[in-house]
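One letter stands for each residue in the lines below.
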Amino acid sequence: MEKKWWHGKIACQIYPKSYCDSNGDGIGDLRGIISKLDYLKALGVDLIWLSPVYRSPFVDQGYDISDYYEIAPEFGTMEDFDELLREVKARGMHLIMDLVINHCSSEHRWFQAALADPEGPYGSYFYFREGKDGHAPSNHRSYFGGSAWEPVPGRENLYYYHMFAKEQPDLNWYNPKLLGELYDMINWWLEKGVSGFRIDAIINIQKNTAFPDYPADGPDGLCAPGVVVENASGIGPMLEDLKRNTFQKYDAFTVGEVFNMKEEELREFIGEDGHFSSMFDFSQHLLTSGEHGWYEERPFCFGTWRDAVFEAQRKAEPIGFLSNIIENHDEPRGASTFLPDYAQNDAGVKMLGTVSVLLRGIPFLYQGQEIGMRNCRMESVGEYDDINTKDQYELALRMGCTEQEALACCNRMSRDNARTPMQWSDAENGGFTDGTPWLKVNPDYRTINVAAQERDPDSVLHYYRRLTALRKDPRYADTFTYGRFEPAFEDADGQIMAYVRRDGRNRILVAGNWGPDRAALSPDGAVKELLLNNQAELRTDGEGRIVLESCQAVVLLLA
Ligand code: TEU
Ligand code: CA
């Protein structure tokens with residue numbers, strides 16, 4: 001396999017609005033991020049993914065872009081951005097941007113021009129269609145609820161298409177003129193020196209432009225956007241064209257946000273000459289999200305979760321590199337989701353981090369994960385900002401939940417769980433801002449915060465630093481990057497998450513005990529060295545087996 005510059009990197013996602021506010025307006029900004037670069041470097045981060053910082057009306061928190069060439073004034077200026085990029089590079093790190101090109105904002109000048117003249121040249125940048133018998137052109141539901149078709153104001157029987165909010169009209173990828181504009185924009189950022197992109201919602205660009213109806217799956221008579229995507233085809237050549245005209249020329253790193261991919265396409269997506277360098281593995285997250293909505297969320301089940309992780313690793317190993325996450329700006333906090341109640345403590349959080357970061361693939365941390373930030377309990381739906389959460393709350397009510405039940409499922413599933421401000425200290429607002437934060441700060445900031453963890457050598461933060469350092473230790477880095485992945489102790493009473501990473505040089509066992517009781521294990525080979533342990537000691541029993549306490553995680557170099 002040809003070695004790539006990004007193979008052994010550790011990434012961290014920054015959600016700019018909630019990272020650090022430098023000027024007291026309650027909104028995180030680029031200067032705030034600049035002030036934390038040394039912190040990120042010390043955490044072992046090589047690659048920073050910035051969620052969108054482009055100009056935007058923020059209907060969907062920046063995933064609705066009104067100017068791809070400008071920085072949102074809320075976040076700063078292009079000079080601030082250039083300084084951020086310089087400072088990132090000065091520390092030997094890389095910056096990747098969020099690329100949101102399935103749709104833009106309804107305030108983008110292209111869409112404004114299209115609305116003014118749907119039959120004109122900008123009309124074909126989007127999807128305008130006539131309605132059918134006084135109804136929308138098809139029965140597609142948008143991801144954020146309601147029809148994917150919005151009537152064009154002032155026009156009878158004319159609609160435009162939006163897979164997400166109505167303020168996020170879909171771009172017509174079958175129009176070469178639009179593609180030219182997108183490619184120019186991407187190359188402009190690459191010329192500036194960004195190292196690549198995280199590519200948003202990209203599977204949605206393929207469309208059956210006849211927009212046929214599909215069987216309804218709810219009382220609204222509509223069908224889920226996932227079904228629409230799965231019935232479309234032809235994405236391969238589109239992504240190849242995109243790659244050849246942009247990323248490939250710059251040896252950029254790209255990570256796709258890909259849902260609903262046809263399984264046999266994995267090689268085309270992330271194989272050696274794949275469309276992308278990598279793509280996120282969402283298999284663990286799909287386990288808890290309900291089939292028709294959050295009101296149907298499913299509880300965490302250890303065995304199913306472990307199998308899903310193993311399955312994804314097995315499939316990707318001969319093909320390429322997945323990007324591994326426990327949480328992101330769309331998913332609830334991993335510590336709140338993947339740990340049973342008795343493991344909701346520092347040991348549990350370290351254990352989850354250990355088995356996640358040492359998987360094969362690119363580890364993507366998310367801001368606050370390294371201090372064990374948790375879901376934030378909101379007391380009423382009014383405390384939420386997220387457009388998706390408001391829709392899911394209403395949906396839950398429509399499907400018969402009480403207000404209390406609807407709120408409870410948002411408390412577990414809301415995208416705002418991971419969007420609450422970063423907890424820097426126990427000062428007011430967790431040290432995130434001197435002003436009024438744009439979104440509630442999780443009240444647990446008094447105990448869970450960076451400053452307190454800096455002072456405590458046993459903290460989650462210090463542990464994460466040891467964990468990333470281990471992954472990059474020159475003695476083991478190749479094993480963690482390129483080594484094989486082998487599940488271990490799969491039949492050990494169903495509570496052990498363990499695997500071996502192995503190459504010609506090392507055999508390394510990574511094991512965590514998710515169970516409430518201690519477990520004795522016989523590693524396949526003598527223990528040469530204890531590389532990492534989230535507890536003070538590692539005991540062995542009379543028969544020479546290692547004994548893992550509940551929530552204990554260890555990394556062992558085997559003979
Ligand atoms: O998310 C794509 C996506 O498919 C989402 O609907 C995702 O399934 C959902 O958020 C989970 O609850 C991307 C971005 O990550 C997200 O923040 C944006 O809202 C969305 O695209 C539109 O740009
Ligand atoms: Ca600010």
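Details of the structure are given in the entry above.
Note that the coordinates shown come from a computational prediction; the quantities given were computed from them, not determined experimentally.

Cut-offs and rules
- Residues numbered from 1 in each chain as written.
- Chains lettered and ligands numbered in written order.
- Predicted model: local features only at pLDDT ≥ 70, side-chain atom pairs only at ≥ 80, totals over all residues.
- Heavy atoms only, no water.
- Helix = DSSP H or I, 4+ residues; strand = E, 2+ residues; numbered from the N terminus.
- Rg over C-alpha atoms; globule rule 2.2 N^0.38 Å.
- Buried < 20%, exposed > 50% of the residue type's maximum accessible area, 1.4 Å probe, protein only.
- Contact = heavy atoms within 4.5 Å.
- Lys, Arg positive; Asp, Glu negative; His and termini not counted.
- Charge placed at Lys NZ, Arg CZ, Asp CG, Glu CD.
- Donors = N, O, S within 2.8 Å, 3.2 Å for Na, K, Ca; no water.
- Axes fitted to C-alpha atoms, helices over the stretch in contact; angles between N-to-C directions.
- Parallel < 35°, antiparallel > 145°, perpendicular 65-115°, else oblique.
- Left-handed = near helix turned anticlockwise from the far one by under 90°.
- Nonpolar A, V, L, I, M, F, W, Y, C, P; charged D, E, K, R; others polar.
- Pairing = 2+ DSSP bridges.
- Near = heavy atom within 4 Å.
- Polar contact = N/O pair within 3.5 Å; in protein donor to acceptor, adjacent residues only side chain to side chain.
- Areas by Shrake-Rupley, 256 points an atom, 1.4 Å probe, with all protein chains shown as cover.
- Phe/Tyr/Trp six-rings, centres within 6.5 Å; stacked < 30°, edge-to-face > 60°.
- Lys NZ or Arg CZ within 6 Å of the ring centre and 35° of its normal.
- Salt bridge = Lys/Arg side-chain N within 4 Å of Asp/Glu carboxyl O.
- Core = buried A, V, L, I, M, F, W, Y, C linked by side-chain atoms within 4.5 Å.

(A) Looking closely at the overall build of the protein. From N to C terminus, the protein includes 17 helices and 21 strands. For a compact globule of 559 residues, the expected C-alpha radius of gyration is about 24 Å, and the protein comes in at 24 Å, within 12% of that figure. Once the C-alpha set of the protein is aligned to its principal axes, its extents read approximately 80 × 55 × 50 Å. Across the 559 residues of the protein, 61% fall into the buried class. Long-range pairs, those at least 24 residues apart, make up 71% of the contacts in the protein between residues at least 6 apart in sequence. Placing the 57 positive and 87 negative side-chain charges of the protein at their respective mean positions leaves the two points 5 Å apart.

(B) A look at the coordination of the calcium ion (ligand 2). Looking at the calcium ion (ligand 2), one finds its protein donor set to be Asp21 (OD), Asn23 (OD1), Asp25 (OD), Ile27 (O) and Asp29 (OD), positioned 2.3 to 2.4 Å from the metal centre. Going along the chain, you hit the donors of the calcium ion (ligand 2) in the pattern D-x1-N-x1-D-x1-I-x1-D. Judged by relative accessible area, Asn23 falls into the exposed class, the value being 52%.

(C) Representation of the packing of helix 12 (residues 346–357) against helix 16 (residues 460–472) within the structure. At a minimum axis separation of 10 Å, helix 12 and helix 16 run at an interaxial angle of 20°. Taken together, the axes of helix 12 and helix 16 are roughly parallel relative to one another. Like other packed secondary-structure pairs, helix 12 and helix 16 cross with a definite hand, here right-handed. Here helix 12 contributes Asp346, Val349, Lys350, Gly353, Thr354 and Val357 to the contact with helix 16, which in turn contributes Val460, Tyr463, Tyr464, Leu467 and Arg471. Residues of the contact of helix 12 with helix 16, tallied by class, amount to 6 nonpolar, 2 polar and 3 charged.

(D) Up close: the sheet that holds strand 19 (residues 539–540). Spatial ordering of the open sheet is given by 17-20-19, a layout of 3 strands whose pairing is antiparallel. The sheet is open, and its two borders are formed by strand 17 (519–521) and strand 19, each paired with just one other strand. For strand 17 and strand 20 (residues 546–548), the ladder comprises 3 bridges, and the chain directions are antiparallel. Bridge assignment links Ala519 to a residue of strand 20, and that residue is Leu548.

(E) Local environment of the site of ligand 1. As a matter of local geometry, ligand 1 sits amid 17 residues, with Asp60, Arg198, Asp200, Asp330 and Arg415 nearest to it. Contact between ligand 1 and Asp330: an oxygen atom at 2.5 Å from a side-chain N or O atom of the residue. The contact in question runs from an oxygen atom of ligand 1 to an N or O atom on the side chain of Asn388, over 3.1 Å. Bound to the protein, ligand 1 loses 90% of the 490 Å² it would expose on its own. Among the residues forming the shell around ligand 1, the class breakdown is 6 nonpolar, 4 polar and 7 charged.

(F) Representation of the packing of aromatic side chains within the structure. All told, the structure shown has 42 aromatic pairs when counted by the stated rule. Geometrically, the ring pair formed by Phe321 and Tyr482 is edge-to-face, given 6.2 Å between the ring centres and 85° between the ring planes. Taken together, the residues Phe321 in strand 12 (residues 321–324) and Tyr482 in helix 17 (residues 477–482) connect sequence positions 161 residues apart. Since its relative accessible area comes to 3%, Phe321 is described here as buried. One aromatic cluster in this structure is built from Trp5, Trp6, Trp49, Phe253, Phe259, Phe280, Phe282, Phe321, Phe364 and Tyr482. Lying across the ring of Trp438, Lys17 places its NZ or CZ 4.3 Å from the centre. The side chain of Lys36 reaches across the aromatic face of Trp424, ending 3.9 Å from its centre.

(G) Spotlight on the pattern of salt bridges. In this structure the tally under the stated criterion is 41 salt bridges. Note that Lys4 and Asp251 form a salt bridge whose closest N and O atoms lie 4.0 Å from each other. With a gap of 247 residues between them, Lys4 in the segment before strand 1 (11–14) and Asp251 in the loop between helix 7 (235–245) and strand 10 (253–256) connect regions that are remote in the sequence. Classification of Lys4 by relative accessible area gives partly exposed; the value is 28%. For Lys315, the salt bridge is made with Glu263, and the minimal N-O distance between the two is 3.2 Å. Of the two residues, Lys315 sits in helix 10 (residues 302–316) while Glu263 sits in the loop between strand 10 and helix 8 (266–270), which places them 52 residues apart along the sequence. By relative accessible area, which is 32% here, Lys315 ends up partly exposed. Salt bridges linked by common partners bring Asp60, Asp330, Asp386, Arg415 and Arg419 together as one network.

(H) Structural view of the nonpolar core. Ile48, Leu50, Phe81, Trp189, Phe197, Phe269 and Phe364 are the most contacted members of the largest nonpolar core, which has 168 residues in total. Per element, the largest residue contribution to this core is 8 residues, and it comes from helix 5 (residues 176–192). The contacts of Phe81, once residues within four sequence positions are left out, are Leu30, Leu50, Ile71, Leu95, Met97, Trp189, Lys192 and Val194. Ala488, Leu521, Leu548 and Leu556 belong to the second largest nonpolar core, which has 15 residues in total.

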